[in-house]
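# Structure at a glance
So the chains spell out like this:
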Amino acid sequence: MAVLDHIDFARFIEGVKRRNPGQPEYVQAVQEVAEDIFDFIQDKEEYHEYQILRRIAEPDRVVSFRVCWQDDKGNVRVQRGWRVQNSNAIGPYKGGIRFHPSVTESVLKFLAFEQTFKNSLTGLPMGGGKGGANFNPKGKSDHEVMRFCQSFMTELYCHVGADIDVPAGDIGVGAREIGYMFGQYKRITNKFTGVLTGKGLEYGGSLIRTEATGYGATYFLQNMLERVGNSIDGKTCVISGSGNVATHAAEKINHLGGKVLTLSDSAGFIHDPDGIDPEKVNWVKQHKTKRRGRIADYVKQFKGAKFYEGKRPWGVKCDLAMPCATENELNGEDTKTLINNGCIAVAEGANMPTDLEGVHVFKSAKILFAPGKAANGGGVAVSGLEMSQNSARISWNEEELQKLLTDIMKGIHDSCVEYGGTRGSEHIDYVRGANIAGFKKMADAMLAYGVV
Ligand code: NDP
């Protein structure tokens with residue numbers, strides 16, 4: 001086979017930009033990964049010969065479709081839905097569905113790209129995908145959400161399947177939406193299979209799936225600290241978000257002896273200097289999920305706390321930080337503020353919450369920094385375990401699953417250490433470690449398949 005030139009980095013990124021116009025999030029995600037992989041593949045001729053890097057920067061396919069539904073007043077509404085199937089090199093496509101007005105093809109392509117590396121890192125046989133729609137569930141009645149989910153699944157069902165592509169939840173898609181979508185899939189296909197994860201326990205869901213992402217991210221933080229002889233016990237922690245990932249991270253930080261100072265939503269953040277203890281975290285969970293309320297209401301409930309409208313929590317002095325809301329919520333300035341205030345470790349619960357400049361700041365400051373693709377892999381790992389339980393038609397108990405989750409998070413941590421170390425230094429670059437470890441498994445599978 002003819003050997004093409006080794007591509008140079010600038011030319012590679014230029015090509016990615018040219019082929020993906022108007023898709024900044026996708027370009028950002030590819031660039032961040034490629035910065036680390038470039039060095040790693042320099043002397044590995046096969047990867048160049050088979051154009052592995054160029055191939056992984058092109059999703060297997062992107063499906064987009066119209067989703068029509070009727071609101072409670074009988075008006076016809078039109079949304080756009082997508083499923084990005086990024087890579088099934090190491091298993092069926094797997095990744096969540098997001099319903100949020102900010103969803104675009106670029107956002108879903110970046111999420112599917114990140115997901116592919118994350119899934120590879122878990123050690124489970126799962127490829128990477130992501131989907132969603134520019135639908136805003138906020139302020140909609142249950143019936144409106146049900147009609148939307150049914151219509152969305154009516155378009156999606158022919159692209160997914162237990163051995164093809166297995167979606168899960170993400171922002172705006174929780175137990176309610178998964179139930180409506182699973183019900184519609186079952187109705188259309190007349191099949192009861194593990195086509196979605198994050199299902200209710202009554203119909204094939206797995207114990208601890210709900211808790212897994214937030215708990216897993218906190219275990220990762222604990223693993224990083226333990227490696228340098230430190231711990232979460234007695235430390236203060238700033239958390240953003242107040243959804244699934246943020247509240248379970250807060251729960252686990254409390255459990256491990258830390259003190260949670262902040263939570264946020266898209267309207268601002270609350271700071272509680274007394275600590276957001278387990279009882280307060282429970283109140284937030286109920287308030288955000290059952291009552292679909294706002295985090296600002298926290299200050300009416302708990303004295304001593306303050307709400308900062310339109311602000312992010314990164315200016316609050318802390319030892320640890322866990323961004324758990326959304327992408328690009330931490331910029332270069334925020335990361336410098338955290339470091340200047342004495343923050344020693346950051347674990348990303350959200351996907352790509354730190355922008356490229358912020359990642360560079362963390363990397364050069366050499367603080368303990370775990371990227372989302374490593375730290376938040378606990379959710380998809382338990383989704384993978386849900387798939388196994390569905391295939392075998394069994395249910396594991398909570399103890400078994402907790403053990404598997406902690407072992408998987410330790411495994412991801414150790415893979416990052418293996419590939420993220422620098423000769424002559426104790427410091428681990430977890431971003432590089434995660435990128436290379438995730439890449440290697442996928443790339444080697446692609447080599448085995450030849451040119452496909
Ligand atoms: P939820 O919908 O449960 O919660 C999202 C939280 O983030 C809410 O507090 C929401 O506030 C806030 N938020 C959303 N968009 C914005 C925005 N543009 N600016 C500020 N705040 C915002 O989602 P999850 O907790 O499930 O997901 C959070 C992050 O974790 C996402 O990046 C997701 O991709 C990632 N993730 C989730 C996994 C899971 O298992 N759920 C697995 C791996 C990663 P508001 O209520 O105002 O919208």
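Residues numbered from 1 in each chain as written. Predicted model: local features only at pLDDT ≥ 70, side-chain atom pairs only at ≥ 80, totals over all residues. Heavy atoms only, no water.

This paragraph deals with the pattern of salt bridges. Scanning the model with the defined rule gives 27 salt bridges in all. One salt bridge connects Asp170 with Arg98, and the closest N-O pair in it is separated by 2.6 Å. Of this pair, Asp170 sits in the loop between strand S5 (165-168) and helix H7 (175-189) while Arg98 sits in strand S3 (residues 93-99), placing them 72 residues apart in sequence. Across the salt bridge formed by Arg294 and Asp265, the nearest N and O atoms sit 3.3 Å from each other. (Salt bridge = Lys/Arg side-chain N within 4 Å of Asp/Glu carboxyl O. Helix = DSSP H or I, 4+ residues; strand = E, 2+ residues; numbered from the N terminus.)

Moving on, we get to helix H8 (residues 209-227). When the terminal C-alpha atoms of H8 are compared, their 27 Å separation across 19 residues agrees well with the 27 Å that a helix rising 1.5 Å per residue should span. In the structure, H8 departs most strongly from a straight axis at Tyr215, where the bend amounts to approximately 30°. With 15 of 19 residues buried, H8 is to be regarded as a mostly interior element. Two residues or fewer past H8, Gly229 is found with a positive phi of approximately 75°. (Expected span 1.5 Å × (residues − 1). Bend = angle between axes of the 7 residues up to and from the residue. Buried < 20%, exposed > 50% of the residue type's maximum accessible area, 1.4 Å probe, protein only.)

One can read the domain layout of the protein as domain 1 (6-56), domain 2 (61-193) and domain 3 (212-370). A C-alpha centroid distance of 27 Å is found between domain 1 and domain 2. In this assembly, 11 residues from domain 1 lie in contact with eight residues from domain 2. A combined buried area of about 860 Å² lies between domain 1 and domain 2, and 65% of that area is made up of carbon and sulfur atoms. Among the residues domain 1 hides against domain 2, the three largest losses belong to Gln23, Glu25 and Tyr26. Together they make up 50% of the total. For the interface between domain 1 and domain 2, the tally reads zero salt bridges. (Domains from an automatic or database assignment. Contact = heavy atoms within 4.5 Å. Buried area = accessible area lost by both parts, 1.4 Å probe.)

The subject of this paragraph is the packing of helix H2 (residues 24-41) against helix H13 (residues 356-365). The contact between H2 and H13 brings their axes to 10 Å, and the two run at 30°. Between H2 and H13, the crossing angle belongs to the class labelled roughly parallel. Of H13, the residues touching H2 (which contributes Gln28, Gln31, Glu32, Glu35 and Asp36) are Leu356, Val359, His360 and Lys363. Here the residues of the contact of H2 with H13 are counted per class, giving two nonpolar, three polar and four charged. (Axes fitted to C-alpha atoms, helices over the stretch in contact; angles between N-to-C directions. Parallel < 35°, antiparallel > 145°, perpendicular 65-115°, else oblique. Nonpolar A, V, L, I, M, F, W, Y, C, P; charged D, E, K, R; others polar.)

Our focus in this paragraph is the sheet that holds strand S2 (residues 76-87). The mixed open sheet is built from five strands, whose spatial order is S1-S2-S4-S3-S5. Bordering the open sheet on either side are strand S1 (61-70) and S5, each of which pairs with just one other strand. Strand after strand, the sheet turns through a mean of 20° between neighbouring axes, direction not considered. Docked against the sheet, helix H6 (residues 142-156) engages S1, S2, S3, strand S4 (128-133) and S5, running at close to 145° with respect to S1. (Pairing = 2+ DSSP bridges.)

In the vicinity of the ligand lie 26 residues, with Asp170, Thr213, Ser266, Arg294 and Asn351 positioned nearest. Separating an oxygen atom of the ligand from a backbone N or O atom of Ser242 is a distance of 2.9 Å. Contact with the protein chains removes 83% of the 890 Å² of surface that the ligand exposes when unbound. Of all the secondary-structure elements, those providing two or more residues to the shell around the ligand are H8, helix H9 (244-255) and strand S7 (259-265). Considering only residue class, the shell around the ligand consists of five nonpolar, 13 polar and eight charged. Both domain 2 (61-193) and domain 3 (212-370) contribute no fewer than three residues apiece to the shell around the ligand. (Near = heavy atom within 4 Å. Polar contact = N/O pair within 3.5 Å; in protein donor to acceptor, adjacent residues only side chain to side chain. Areas by Shrake-Rupley, 256 points an atom, 1.4 Å probe, with all protein chains shown as cover.)

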